[in-house]
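What the coordinates show
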Amino acid sequence: MKAIVSHAFAPLDELKYEDVTDPVATGRQVVIKVEAAGVNYPDGLLVQGLYQSKPPHPFTPGMEVAGTVESVGPDVTRLKVGERVATVCTLGGYAEKVLEDESRVFPIGEMDGGDACALLVAYGTSHHALKQRAALKAGETLCVLGAAGATGIAAVQIGKVMGARVIAVCSTEEKRKLALEGGADEAIGYDNLKDDLKALTDGKGVDVVYDVVGGEAFNACSRSMARNGRLLIIGFASGEIPKFPVNLSLVKEYAVVGVFWGNFTRFEPEVYADNMKELIGWYAAGKVKPLIEGRYPLADAAEVLKRVLGRGATGKLVLVP
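A quick note: this is a predicted structure, and the numbers were derived from the prediction, not measured.

What about the pattern of salt bridges?
Using the criterion set out here, one finds 19 salt bridges in the structure. For aspartate 115, the salt bridge identified is with lysine 289, shortest N-O distance 2.6 Å. Within this pair, whereas aspartate 115 is found in helix H2 (residues 113-133), its partner lysine 289 is found in the loop between helix H9 (269-284) and strand E14 (292-297), the two being separated by 174 residues in sequence. Overall, aspartate 115 belongs to the buried group, its relative accessible area being 2%. Here lysine 204 makes a salt bridge to aspartate 207, at a shortest N to O gap of 2.7 Å. Members of the salt-bridge network, linked through shared partners, are Asp13, Glu303 and Lys306.

Written out as C-alpha cells, the structure reads:
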C-alpha cells in the first residue's frame, strides 16, 4: 500500500510518498481501508521534531481517519467487515490502510468521512476545552482566536450550542465572514484586540478565551479577562509561546487553563466516549457542521501541511488515498 513516511525529523518537503507493507489484523485489531485522513496542526510539528512526542523512525503521521473495515482479527466482536468507521490513531493515518484496536474504532454509518475526521480531533478538542476545562455556561462571553480554522470553527459552533455569546477573532475579512457564517455573534481582527474586546463587553472583559494562537494575541487577551474568567491554552499557531505575568491572574482573579486533548482521551476514556456521543448527536441534529475546505490527494500531504502550519487554511483539510 501507499503511505506518507517520515524517515527523519526534517522539513515537510522531506516526507516521502512510498510503498509500505500492508497491515495485518491480529487479536482485537481491525484493518481500515481509508477514505479520508484528517490533517491537523500537530502533524506538521511532529514530522519536524517540534512536537511534545518524538516517535522513532520511520513513521507515518496522521491521527484521524475514516473508512471501511477491510479485515478483522479473530478476537474482534463489535465490528464487522464492510462497516464504515472512524478512529483516532497515535500515528499512521496518512496511508491507504490503518491498523487499530477495535476499542478505539467507532461506527459512523452514512456520515461523510471528512466530517467524521473533523469531529474526532478538531471538534473533540474544542468540546473538551469548553465543556470540561472551561465549564462554559449559557450567557457567558466566549472569545475564539483563530476562529476560521478547523478547531476555531468547532469552538464557535460548540460555544453557540452551549448558549454563549461568541466573539470570533480572525486575521482577514474573508475569515471573519466564515466565522459569522459558522454562528459567531461578532467577528473582529487582531490589530486592536484588547480595545475591541473591552468595547464589546462594556469593559467587563471576556469570560472564556479559546487560544490556539499565542504570541501577541495571548498578551492582549490576558489583559481582557473578566473576573472568574478562564483563559484556555490550546496551541501556539503564531509560533511564539508567550510568557505570562502571573500578577494579572491574581489582580483580575481569572484562571489560565491548559488543554491537552490527547491526555484527556488517554486518562478519561469514559468521559471522552460520552463527549463523542454528544458531538455525534449534535451533528445528527444539525447543531454542528464541520467546514471541509478541501480534499487533496494523499501524495500532496507535505503541501497541505504547509498550508495548515502557515495559517492559510480555513476549516478542515482532508487527504484522500
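Observations regarding the pairing of strand E15 (residues 316-320)
For E15, the buried fraction is high: four of the five residues fall into the buried class. Two strands pair when backbone bridges link them, and strand E3 (residues 29-38) and E15 are joined in this way by two bridges, in the antiparallel orientation. Within E15, the residue paired with alanine 37 across the bridge is leucine 319. Examined bridge by bridge, E14 and E15 share five bridges and lie parallel to one another. The partner of glycine 294 across the bridge, within E15, is leucine 317.

Let's talk about the domain arrangement of the chain
In terms of domains, the chain is made up of domain 1 (2-112 + 292-312) and domain 2 (121-261). Between domain 1 and domain 2, the residue contacts involve eight residues of the former and nine residues of the latter. Both faces considered, domain 1 and domain 2 share a buried interface measuring about 670 Å² in area, 56% of it formed by carbon and sulfur atoms. When the area that domain 1 buries against domain 2 is broken down by residue, the three leading residues are Tyr41, Val88 and Arg311, summing to 63%. At the junction of domain 1 with domain 2, the criterion picks out zero salt bridges.

So, unusual backbone geometry
Backbone geometry follows two general trends: most residues other than glycine have a negative phi, and most peptide bonds adopt the trans configuration. In this chain, histidine 57 is followed by proline 58 through a cis amide linkage whose omega measures -5 degrees. For proline 58, the location among the structural elements is in the loop between helix H1 (41-47) and strand E4 (64-72). Within the chain, alanine 135 stands out as a residue other than glycine whose phi angle is a positive 50 degrees. Within the element layout of this structure, alanine 135 appears in the loop between H2 and strand E8 (141-145).

Some words on the nonpolar core
Core analysis: the biggest nonpolar cluster contains 72 residues, and Tyr123, Leu130, Leu142, Leu193, Tyr210 and Leu232 have the highest contact counts within it. Examining the composition of this core, we find that 10 residues originate from one element, H2, more than from any other. Residue assignment places this core across two domains, with domain 1 (2-112 + 292-312) and domain 2 (121-261) each supplying three or more. Setting aside residues no more than four positions away along its own chain, leucine 142 makes contact with Leu130, Leu136, Ala155, Gly159, Ala164, Arg165, Val166, Ile167, Val206, Val208 and Tyr210.

Some words on the packing of H2 against helix H3 (residues 150-161)
Running from N to C, H2 and H3 cross one another at 50 degrees; their axes reach a closest spacing of 8 Å. For the element pair H2 / H3, the angle class is oblique. Read as a crossing pair, H2 and H3 show a hand that is right-handed. Counting all contacts with H2, which are made through Ala122, Tyr123, Ser126, His127 and Leu130, the residues of H3 involved are Ala150, Thr151, Ile153, Ala154, Ala155, Gln157, Ile158 and Gly159.

Topic: the sheet that holds strand E12 (residues 225-233)
The six strands are arranged E10-E9-E8-E11-E12-E13 in an open sheet whose pairing can be described as parallel. On the outer flanks of this sheet lie strand E10 (186-188) and strand E13 (255-258), each paired with one strand and no other. The average undirected angle you get between the axes of adjacent strands in this sheet is 20 degrees. This element, helix H6 (residues 215-222), spans E8, strand E11 (206-211) and E12 of the sheet and lies at about 160 degrees to E12.

Overview of the environment of alanine 187
Within the fold, alanine 187 resides in strand E10. Owing to a relative accessible area of 23%, alanine 187 belongs among the partly exposed residues under this scheme. Separated by 14 residues in the primary sequence, alanine 187 and glutamate 173 place their C-alpha atoms 9.0 Å from one another. Non-local contacts of alanine 187, meaning those with residues more than four positions away in its chain, are made with Ala168, Arg176 and Leu180.

Thresholds, definitions, all that
- Residues numbered from 1 in each chain as written.
- Predicted model: local features only at pLDDT ≥ 70, side-chain atom pairs only at ≥ 80, totals over all residues.
- Heavy atoms only, no water.
- Salt bridge = Lys/Arg side-chain N within 4 Å of Asp/Glu carboxyl O.
- Helix = DSSP H or I, 4+ residues; strand = E, 2+ residues; numbered from the N terminus.
- Buried < 20%, exposed > 50% of the residue type's maximum accessible area, 1.4 Å probe, protein only.
- Pairing = 2+ DSSP bridges.
- Domains from an automatic or database assignment.
- Contact = heavy atoms within 4.5 Å.
- Buried area = accessible area lost by both parts, 1.4 Å probe.
- Core = buried A, V, L, I, M, F, W, Y, C linked by side-chain atoms within 4.5 Å.
- Axes fitted to C-alpha atoms, helices over the stretch in contact; angles between N-to-C directions.
- Parallel < 35°, antiparallel > 145°, perpendicular 65-115°, else oblique.
- Left-handed = near helix turned anticlockwise from the far one by under 90°.

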